[in-house]
Amino acid sequence: MSVLEAARMALHGVAANRLRSLLTMLGITIGVAAVIILVAVGHGSAVAVQKGIEGLGTNVVTIQPGGFGFGRGSGGNRSSFTQLTMKDVKALQDPSATPDVKSVTPVVTGSVAATFGSASYTPNQFIGTTPSYEEARKSPVAAGQFITQQQETAHSRVVVLGQTVVTNLFGGQDPLGQTIKLNGIGFQVVGVLAAKGTNGVQDQDDIAIAPLTTTQSLLTGVTGGLGQIIIEAKSSHQVNAAEAEATSILTPTHSSNGSANFRVLNQASLLQTTASTNQVFTVLLAAVAAISLLVGGIGVMNIMLVTVTERTREIGIRKAVGARRSDILAQFLSESVLLSVFGGAVGVAVGLLGSRFKLVGVQPAVEPYSVVLALAVGIAVGLFFGIYPANRAASLRPIDALRYE
Amino acid sequence: MSGGLRRPTLFLRNVSKSYGQGEIAVHALREVDLLVERGDFVAVMGSSGSGKSTLMNVLGCLDVPTTGRYFLDGIDVADLDDYELAYVRNRKIGFVFQSFNLVPRTSALHNVELPLIYARVPRRERRVLAVEALDAVGLTHRMEHMPNELSGGQQQRVAIARAIVTAPALVLADEPTGNLDSASTVEIMHILSDLHAAGRTIVMITHEPEVAAQAKRVIHLVDGRVDSDRRTDSAPATTARLERDDSAEAVSA
């Protein structure tokens with residue numbers, strides 16, 4: 001019997017019991033869709049986190065005060081806490097000691113209430129920094145300009161705003177040249193940052209940036225410690241060298257009992273760690289989905305067994321008029337494969353459709369391999385779980401099958 | 001297979017069939033010898049338990065004899081494997097059952113096409129042959145109907161069309177009128193008589209004497225043995241002439 005003939009018979013069998021076939025397909029549909037959506041969610045969150053980390057700049061090493069927490073060089077304790085200062089920045093900027101470093105950017109962070117007219121808003125991040133921040137953090141301006149060295153030196157009251165802050169303070173108005181008040185002190189808006197979106201943890205556009213000098217006098221005082229120092233390496237291969245140089249410069253002045261009390265965050269290694277974490281997360285989700293696919297397959301087997309029992313007499317008739325073992329096998333195997341192909345195809349459609357929506361705050365990113373894999377596994381499941389019932393049908397003796405009531 | 005017209009369609013030699021073993025064994029057929037010539041029309045009669053259904057199953061290659069040999073159209077059925085048995089059922093035998101046994105939710109035309117599908121006949125040719133067979137039983141106007149939309153007589157006519165569509169050497173009818181009213185019985189017997197007149201070999205089981213009377217030869221089975229074998233037409237019964245040393249090899253040659 002040709003494949004076409006078997007398929008036609010199978011189609012006839014599937015169509016004869018529409019509701020039952022539909023429900024059986026649903027099992028496969030849910031399984032396939034679950035695999036696609038869950039893998040997409042896992043991948044989507046990985047992409048988001050990765051983008052967030054890349055948004056911080058990839059060739060950079062961040063140094064933060066404090067010896068606890070994670071990161072290299074940890075091991076100090078709270079009592080030996082030493083602040084990072086502009087002196088450290090100067091030391092790190094010495095090109096003879098740090099040949100692999102391109103720029104050193106000090107950053108102070110704080111919290112301010114911003115007002116413009118009647119609107120008021122507290123940006124999630126308020127930082128004071130130097131002009132090199134723009135490049136090190138990959139935060140270009142979309143309009144106006146970033147803080148200049150001149151403004152830095154002059155303690156100018158200027159501020160660069162992120163998109164979220166602009167929206168909240170100005171609505172539709174053009175913020176450039178306007179004066180907003182930060183903690184009651186007037187600052188002129190000189191630039192608006194290009195939108196970066198979320199990094200999976202926080203909104204990167206919810207930010208206001210002012211010159212370091214101005215911020216220190218406004219917020220923490222000039223002698224206050226730095227929140228972090230961003231070191232940009234000259235290239236991606238030099239990141240590790242730059243990290244080593246920075247560590248060797250800072251260790252003599254920032255250590256007690258032989259252990260450093262600052263921590264160094266290497267973006268590249270952070271990226272690697274999160275990538276592997278996400279991998280585990282995605283595999284776990286896929287495993288859950290695979291189980292539902294397996295359950296769907298058992299559903300197919302169940303229904304095919306019922307079908308074979310129900311149609312025992314029909315099988316007897318077919319054998320009496322000359323159907324071979326292989327003909328009956330092909331017919332019932334085609335039926336289960338047809339169920340899983342239909343179910344799988346609908347599952348792919350549902351999966352792709354479902355992946356367009358944001359789920360638990362994550363924009364799913366469909367992995368093409370997961371679509372192919374889910375469909376292939378779905379069909380294989382139908383084939384595998386169809387073999388036993390089909391074989392049972394094919395092995396029926398015509399005389400027994402005909403007598404079956 | 002070149003015997004042509006002289007080769008008997010059916011030849012049973014010393015066929016026994018028993019179910020179970022030892023003391024509880026049931027002997028459904030005991031040493032049955034039977035020879036049916038091409039073009040004959042045989043009715044097999046007998047009370048229930050006389051072995052006529054078992055005989056039918058053996059003749060239809062649905063069951064195998066415990067001992068003895070069965071030649072169908074010159075082929076020793078015992079030598080055949082599953083695959084070849086399917087072929088024999090497909091090409092050599094047409095079945096007509098008491099309960100019609102049409103595939104449900106499948107049109108009359110498609111039911112008749114079924115044996116042709118398993119015979120790997122191409123689609124277009126299949127349809128032509130099926131329509132011809134339905135025409136022979138006078139049902140071309142209902143060929144798109146499902147079995148449950150047909151009367152019992154019509155269903156049996158579809159079943160007969162299905163039995164003859166592959167032009168088999170033998171048409172086996174197992175109480176074809178058992179489930180039918182008298183009008184439909186007359187109709188079906190007409191068709192069977194027409195098939196016989198057209199040269200088909202027919203073996204029919206029945207327990208209605210008036211149905212058996214349509215046949216040219218009536219065999220009575222009692223307790224698994226041939227009790228009587230008589231011709232209703234002038235020709236003498238063939239089994240009577242059958243000699244024990246008329247070897248199987250000679251027949252299958």
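Because the structure is a prediction, the values reported are computed rather than measured.

Here is what the cut-offs are and how they apply
Residues numbered from 1 in each chain as written. Chains lettered and ligands numbered in written order. Predicted model: local features only at pLDDT ≥ 70, side-chain atom pairs only at ≥ 80, totals over all residues. Heavy atoms only, no water. Domains from an automatic or database assignment. Contact = heavy atoms within 4.5 Å. Buried area = accessible area lost by both parts, 1.4 Å probe. Salt bridge = Lys/Arg side-chain N within 4 Å of Asp/Glu carboxyl O. Pairing = 2+ DSSP bridges. Helix = DSSP H or I, 4+ residues; strand = E, 2+ residues; numbered from the N terminus. Axes fitted to C-alpha atoms, helices over the stretch in contact; angles between N-to-C directions. Buried < 20%, exposed > 50% of the residue type's maximum accessible area, 1.4 Å probe, protein only. 1 Å grid on protein atoms, 1.4 Å probe; cavity = no way out; pocket = protein on both sides within 12 Å on 5 of 7 lines; lining within 4 Å. Points joined across faces, edges and corners; volume = space filled by probe spheres on them. Nonpolar A, V, L, I, M, F, W, Y, C, P; charged D, E, K, R; others polar. pLDDT = per-residue confidence, 0-100. Parallel < 35°, antiparallel > 145°, perpendicular 65-115°, else oblique. Left-handed = near helix turned anticlockwise from the far one by under 90°.

A.B. asks: Got a minute to help me understand the domain arrangement of chain B in this structure?
C.D. replies: By a widely used convention, the size of an interface equals the accessible area lost when the partners come together. Residue and element names in this part refer to chain B. When its domains are assigned, chain B resolves into domain 1 (1-81 + 168-241) and domain 2 (103-167). Between the C-alpha centres of domain 1 and domain 2 the distance comes to 24 Å. Taken residue by residue, the interface counts 12 residues in domain 1 and 10 residues in domain 2. Around 890 Å² of area is buried between domain 1 and domain 2 when both sides are counted, 72% of it from carbon and sulfur atoms. Among the residues of domain 1 in contact with domain 2, Pro168, Ile188 and Ile191 are the three that bury the most area, contributing 45% of the side total. At the boundary of domain 1 and domain 2, one finds one salt bridge. In this structure, the salt-bridge partner of arginine 157 is glutamate 187, at a minimum N-O distance of 3.0 Å.

A.B. asks: Quick question: what am I supposed to make of the sheet that holds strand S8 (residues 201-205) of chain B here?
C.D. replies: Pairing between sheet strands relies on hydrogen bonds along the backbone, with the strands arranged either parallel or antiparallel. Residues and elements named next belong to chain B. Within the open sheet, the six strands sit side by side as S6-S7-S8-S3-S9-S10. Their pairing is mixed. Unpaired on one side and paired on the other, strand S6 (93-96) and strand S10 (225-231) mark the two borders of the sheet. Going from strand to strand, the sheet's axes swing by 20 degrees on average, the running direction of each strand aside. In the sheet, strand S3 (residues 41-45) pairs with strand S9 (residues 217-222) via four bridges, with the strands oriented parallel. Paired with alanine 43 across the two strands is valine 218, which belongs to S9. Running at roughly 150 degrees to S8, helix H6 (residues 182-197) makes contact with S3 and S8 of the sheet.

A.B. asks: Any chance you could explain helix H1 (residues 52-59) of chain B here in plain terms?
C.D. replies: Along an α-helix, residues three or four positions apart point the same way, because every turn accommodates 3.6 residues. All names here are of chain B. Of all eight residues making up H1, seven are buried, and the element is well covered by its neighbours. Within the sequence span of H1, burial applies to Lys52, Thr54, Leu55, Met56, Asn57, Val58 and Leu59. Once H1 ends, the next one or two residues include cysteine 61, with phi positive near 60 degrees.

A.B. asks: Sorry if this is basic, but what is going on with empty space enclosed by the protein here?
C.D. replies: Vacant regions in the atomic arrangement are exposed by a probe of water-molecule size rolled over the atoms. Evaluation of the coordinates by the stated rule reveals three cavities of 30 Å³ or more. One number sums up the size of the largest cavity: a volume of about 190 Å³. Lining the largest cavity are 22 residues; nearest its centre among them are Gly13, Ala16, Asn17, Arg311 and Glu335 of chain A. At the level of elements, helix H1 (3-16), helix H2 (18-55), helix H9 (267-310), helix H10 (312-320) and helix H11 (325-354) of chain A are the ones that each hand at least two residues to the lining of the largest cavity. By residue number, the principal contributor to the lining of the largest cavity is H1 of chain A, which donates five residues. Tallied by class, the residues present in the lining of the largest cavity amount to eight nonpolar, seven polar and seven charged. As for the second largest cavity, its lining consists of Ala320 and Val321 of chain A together with Arg89, Asn90, Ile93, Gly94, Phe95, Pro115, Arg162, Ala163 and Thr166 of chain B. Broken down by secondary-structure element, the contributors of at least two residues to the lining of the second largest cavity are helix H2 (82-91), S6 and helix H5 (152-164) of chain B.

A.B. asks: How do you make sense of the interface of chain A and chain B when you look at a structure like this?
C.D. replies: Tallying the contact residues gives 24 residues for chain A and 25 residues for chain B. Carbon and sulfur atoms supply 54% of the area that chain A and chain B bury against each other, a total of about 2300 Å² over both sides. For chain A, the biggest contributors to the area lost against chain B are Ile317, Val321 and Arg324 of chain A; these three give 26% of the whole. Our enumeration of links across chain A and chain B arrives at two salt bridges. Across the pair arginine 126 of chain B and glutamate 5 of chain A runs a salt bridge whose closest N-O atoms are separated by 3.1 Å. If you list the elements that add at least two residues to the side of chain A that touches chain B, you get H1, H10, H11 and helix H13 (398-403) of chain A. The element contributing the most residues to the side of chain A that touches chain B is H10 of chain A, with six residues. Of the residues assigned to the side of chain A that touches chain B, the class counts are 10 nonpolar, three polar and 11 charged.

A.B. asks: Explain the confidence of the model for chain B to me, please; I cannot follow it from the model alone.
C.D. replies: If pLDDT is low for a region, its predicted coordinates should not be looked at in detail. Residue and element names in this part refer to chain B. A residue-level look at chain B finds 89% of positions with pLDDT of 70 or above and a mean pLDDT of 87. In the model of chain B, helix H9 (residues 248-252) stands out as the element of lowest mean pLDDT, 43, in contrast to helix H3 (residues 108-118), which has the highest, 95. Low pLDDT (under 50) marks residues 235-253, which in the prediction has 33 contacts with non-local residues, meaning those over four places away or in another chain.

A.B. asks: How do you make sense of the packing of H3 of chain B against H5 of chain B when you look at a structure like this?
C.D. replies: Two quantities define a packed helix pair, namely the angle between the axes and the distance from one axis to the other. Residue and element names in this part refer to chain B. Where H3 meets H5, the axes come as close as 7 Å, and the angle between the chain directions of the two elements is 30 degrees. In terms of orientation, H3 lies roughly parallel with respect to H5. Considering how the two elements wind past one another, H3 and H5 form a crossing that is right-handed. Of H5, the residues touching H3 (which contributes Ala108, Asn111, Val112 and Pro115) are Val158, Ala161 and Arg162. The residue makeup of the contact of H3 with H5, split by class, is five nonpolar, one polar and one charged.

A.B. asks: I keep staring at the pattern of salt bridges and nothing clicks. Help me out?
C.D. replies: Any two side chains of opposite charge can pair, so long as their charged atoms come close to each other. This structure, assessed with the given rule, holds 18 salt bridges over all chains. Across the salt bridge formed by arginine 311 of chain A and glutamate 314 of chain A, the nearest N and O atoms sit 3.1 Å from each other. Its relative accessible area of 8% is what places glutamate 314 of chain A among the buried residues. Salt bridges here are not isolated pairs; linked through shared partners, they connect Glu5 and Arg8 of chain A together with Glu113 and Arg126 of chain B.

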